[in-house]
Amino acid sequence: MDNFFMYKKAVRAMDEINRVMEGKGHTVHQIMTAILAGGHILIEDIPGVGKTTLALAFSKVLGLDYQRIQFTPDIMPTDIAGFSIYHQGSEEFEFKEGAAMTNLLLADEINRTSPKTQSALLEAMEEGQITVDGITRDLPDPYIVIATQNPFGSIGTHSLPESQLDRFMIRTSLGYPDMESEIKMLAQGSVDMTTSGIEEQISVEELRKAREEAARLFVHEDILRYIVEIANETRRSRDLELGISPRGTIALLSMAKANAYLEGRDYVIPQDVKDVFFETIEHRVIRSKEAKVQRKTKEEILKAILYKIPLPKGNQIKMYFFVIIFALIYWIIYGNFIGGCLMASLFVVLAYSVCRCQSEQKQMILTIEMDSLVLTEGDEAEIRLRIH
């Protein structure tokens, strides 16, 4: 990462937010990853868990202009995009900016407004611009939307259709804090006061630079093939009525790059794809009727798909290369090429045994989780075959 300078500042920004959002390190990491990937975030959670505090904390540490709009049924598209007002004295129209003219917009309870207003916001998210009275205006760069919706109490709400959900980079949730985190929160005072001590860690220009650096990370063709194989498996699965779209595969790649960037690497590995998989993909797929009857959750279905796709085999090439190099060094020092091959092979076997043991533990965990599912005979046979 010698050529990348901003990732350390991005990590410090997450540490600063974690001082406020006690016990939410994973969610903070996923949102920062989505921001670096150039996407928007949908937080689906109950009221009062800190969604507004989280958005305000991100705006402060990233040095972004911040606006919040509380969606209700009477919110109009002009409240988001803006409108032109006529001045009789000057006989000219003056443009009044809407809430969308900011760097970070918190769209609170987006499912409580009309589909027409939802479409106006999502169009701004997709195009990065708004059009009022035939005049197109660019939105600030960066432009980030953190939208929230309450999964409970659906009376009077308009759920986002799949085509609009697909435009969010990730969907995540905060959930209730654990006991120790909630005690610390109470000791600090009210939730709304906890962002007062947050300091800016990265400027707007530095955030743009960090996004550019994350986008330039190296991705091997095997990783690209791995992502496409996962997408194709979701499209073939009988448990899913709707699989990942091409926009979803692009989002998964962008998230994997940003995750690798935050880990301090200038290249992507399969674990990066796995780390961001569920938050990036879960809202983009629809369960089939058969899966609903069998009470399979999206998480269980996607976990099985991710387990089914083999990892890229680049590590095997590295092992063979290691054996040859070790044998040559051993031959130069001791004059015994065969002995070097044998010793290097022994090290490889030991390393493979450790990896195999860890893999078997993961398989057993997956098997235990699947014991609670209602499976067909074909599913059970396939699982037994993979375990043995």
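Note that the structure is a prediction, hence the values are computed from the model and not measured. (Residues numbered from 1 in each chain as written. Predicted model: local features only at pLDDT ≥ 70, side-chain atom pairs only at ≥ 80, totals over all residues. Heavy atoms only, no water.)

(A) Spatial organisation of the overall build of the protein. Scanning the protein from N- to C-terminus turns up 16 helices and 11 strands. For the protein, contacts bridging at least 24 residues in sequence account for 77% of all contacts bridging at least 6. For the protein, the exposed area adds up to about 21000 Å²; of that, 56% sits on carbon and sulfur atoms. (Helix = DSSP H or I, 4+ residues; strand = E, 2+ residues; numbered from the N terminus. Contact = heavy atoms within 4.5 Å. Areas by Shrake-Rupley, 256 points an atom, 1.4 Å probe, with all protein chains shown as cover.)

(B) Quick look at the environment of phenylalanine 277. With respect to the helices and strands, phenylalanine 277 occurs in helix α11 (residues 270–281). According to the relative accessible area criterion, phenylalanine 277 is buried, its value standing at 0%. Taking the C-alpha atoms as reference, phenylalanine 277 lies 9.4 Å from lysine 303; in sequence the two are 26 residues apart. Not counting chain neighbours up to four residues away, the residues in contact with phenylalanine 277 comprise Ile230, Leu252, Glu282, Leu302 and Leu306. (Buried < 20%, exposed > 50% of the residue type's maximum accessible area, 1.4 Å probe, protein only.)

(C) Up close: the packing of helix α9 (residues 221–236) against helix α10 (residues 246–262). Across the interface, α9 lies against α10 with an axial gap of 10 Å and an inter-helix angle of 140 degrees. By the criterion of interaxial angle, the relationship of α9 to α10 is oblique. As for the relative orientation of α9 and α10, their crossing is right-handed in sense. Here α9 contributes Leu224, Ile227, Ala231 and Arg235 to the contact with α10, which in turn contributes Pro246, Thr249, Leu252 and Leu253. Across the contact of α9 with α10, the residue classes break down as 6 nonpolar, 1 polar and 1 charged. (Axes fitted to C-alpha atoms, helices over the stretch in contact; angles between N-to-C directions. Parallel < 35°, antiparallel > 145°, perpendicular 65-115°, else oblique. Left-handed = near helix turned anticlockwise from the far one by under 90°. Nonpolar A, V, L, I, M, F, W, Y, C, P; charged D, E, K, R; others polar.)

(D) Geometry of the nonpolar core. Residues Leu36, Ile41, Leu54, Phe58 and Leu62 are the most contacted members of the largest nonpolar core, which totals 69 residues. Element by element, the count of residues in this core is highest for α10, at 9 residues. Ignoring anything within four residues of it in the chain, the contact list for phenylalanine 58 reads Ile17, Val28, Ile31, Met32, Ile35 and Leu104. Ala107, Ala124, Met125 and Leu139 belong to the second-largest nonpolar core, a separate cluster that totals 26 residues. (Core = buried A, V, L, I, M, F, W, Y, C linked by side-chain atoms within 4.5 Å.)

(E) Representation of α10 in the model. Taking 1.5 Å per residue as the helical rise, α10 with its 17 residues ought to reach 24 Å, and the 25 Å between its terminal C-alpha atoms agrees with that figure. In terms of residue burial, α10 counts as a mostly covered element, since 13 of its 17 residues are buried. In the stretch just after α10, glycine 264 is the one whose phi turns positive, near 85 degrees. (Expected span 1.5 Å × (residues − 1).)

(F) Up close: the confidence of the model for the protein. For the protein, the average pLDDT comes to 79, and 77% of its residues sit at 70 or higher. When mean pLDDT is compared element by element in the protein, α10 scores highest at 94, while helix α16 (residues 377–387) scores lowest at 39. Counted against residues more than four places away or in other chains, residues 358–388, with its pLDDT under 50, gives 24 contacts. (pLDDT = per-residue confidence, 0-100.)

(G) Region of interest: the packing of aromatic side chains. Under the counting rule described, the total for this entry stands at 3 aromatic pairs. Summarising the aromatic geometry, the rings of tyrosine 7 and tyrosine 261 are spaced 6.0 Å apart at their centres and angled 75 degrees between planes, so their arrangement reads as edge-to-face. Of the two residues, tyrosine 7 is situated in helix α1 (residues 7–18) and tyrosine 261 in helix α10; the sequence distance between them amounts to 254 residues. Exposure remark for tyrosine 261: the relative accessible area of 0% places this residue in the buried category. With centroids separated by 5.3 Å and ring planes inclined at 75 degrees, the aromatic side chains of phenylalanine 277 and phenylalanine 278 adopt a geometry described as edge-to-face. (Phe/Tyr/Trp six-rings, centres within 6.5 Å; stacked < 30°, edge-to-face > 60°.)

(H) The side chain of threonine 117, seen in detail. Take threonine 117: it is sitting in helix α5 (residues 115–127). A polar side-chain atom of threonine 117 sits 3.1 Å from a polar atom in the side chain of serine 114. (Polar contact = N/O pair within 3.5 Å; in protein donor to acceptor, adjacent residues only side chain to side chain.)

(I) Spatial organisation of the pairing of strand β6 (residues 129–132). Residues of β6 alternate between two faces, with Ile130 and Val132 buried on one and Gln129 and Thr131 left unburied on the opposite face. Examined bridge by bridge, β6 and strand β7 (residues 135–138) share 4 bridges and lie antiparallel to one another. If you follow threonine 131 over to β7, its bridge partner there is threonine 136. In sequence, β6 turns back onto β7 through a hairpin of 2 residues, with aspartate 133 there showing a positive phi of about 55 degrees. (Pairing = 2+ DSSP bridges.)

(J) Highlighting unusual backbone geometry. Of note, the amide linkage connecting aspartate 141 to proline 142 takes the cis form, showing an omega dihedral of 5 degrees. Structurally, the position occupied by proline 142 is in the loop between β7 and β8 (144–149). Positive phi values are uncommon outside glycine, yet glutamate 109 reaches one of about 55 degrees. Position of glutamate 109 among the secondary structure elements: in the loop between β5 (104–108) and α5. Positioned with a positive phi, arginine 295 is a non-glycine residue whose angle comes to about 60 degrees. The topology assignment puts arginine 295 in the loop between α12 (289–293) and α13 (298–308). A residue is classified by how much of its surface remains accessible, and arginine 295, at 71% relative accessible area, is exposed.

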